[in-house]
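What follows is the residue order along each chain.
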Amino acid sequence: MKIIKKSKSFSLAKNFLNKTVEVVIDKPLGCIYSKYKTYFEVNYGYIPNTLAPDGKELDAYVLKVNKPLEKFIGKVVAIIHRLNDDDDKLIVVPNNETITDEEIEKLTFFQEQFFQHEIIRK
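Keep in mind that what you see is a predicted model, and the values were worked out from it rather than measured. (Residues numbered from 1 in each chain as written. Predicted model: local features only at pLDDT ≥ 70, side-chain atom pairs only at ≥ 80, totals over all residues. Heavy atoms only, no water.)

(A) Representation of the confidence of the model for the protein chain within the structure. Mean pLDDT over the protein chain works out to 90, with 92% of the residues at or above the 70 mark. Taken as a whole, residues 1–8 scores under 50 in pLDDT and shows 12 contacts with residues more than four places along the chain or in a different chain. (pLDDT = per-residue confidence, 0-100. Contact = heavy atoms within 4.5 Å.)

Here you go:
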């Protein structure tokens, strides 16, 4: 049996599960992040006034919204917990929306393909 150690980031991220949050979008849908030439297929940002283990705010994918955003208020329905990196990601969707693990995997593949991860719902 393999024991998976949860990161400090996971402890922080878990506090936001099933909560409504505001996400500041710093990489909107359709942008190209110049550092790695990554095309962002979804809105991506952070939760203001948090501090993750990487020294930056806690990151979040905003899914089920098909237009570029600057800010978004929605519900945290899952966490992408990275097993080989200490930088977990919140999954935020519009209130009253649902999303499957398969949809999360498909929508975040452009970035998460480089990391071993699991999707946490509880």
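(B) Layout of the layout of surface pockets. Volume-wise, the largest pocket comes out at about 540 Å³. Every residue lining the largest pocket is counted, 22 residues in all, and those nearest its centre are Lys27, Tyr33, Tyr36, Tyr44 and Gln111. At the level of elements, strand S1 (20–27), strand S4 (43–47) and helix H2 (101–112) are the ones that each hand at least two residues to the lining of the largest pocket. Of the residues forming the lining of the largest pocket, the biggest block, 3 residues, is contributed by S4. Each residue belonging to the lining of the largest pocket can be placed in one class, and the counts come to 8 nonpolar, 3 polar and 11 charged. (1 Å grid on protein atoms, 1.4 Å probe; cavity = no way out; pocket = protein on both sides within 12 Å on 5 of 7 lines; lining within 4 Å. Points joined across faces, edges and corners; volume = space filled by probe spheres on them. Helix = DSSP H or I, 4+ residues; strand = E, 2+ residues; numbered from the N terminus. Nonpolar A, V, L, I, M, F, W, Y, C, P; charged D, E, K, R; others polar.)

(C) View of the environment of valine 21. Looking at the secondary structure, you find valine 21 in strand S1. Note on valine 21: relative accessible area 7%, which makes it buried. If we skip the residues at most four places from it in the chain, valine 21 touches Phe16, Ile47, Phe72, Ile73, Gly74, Val76 and Val92. (Buried < 20%, exposed > 50% of the residue type's maximum accessible area, 1.4 Å probe, protein only.)

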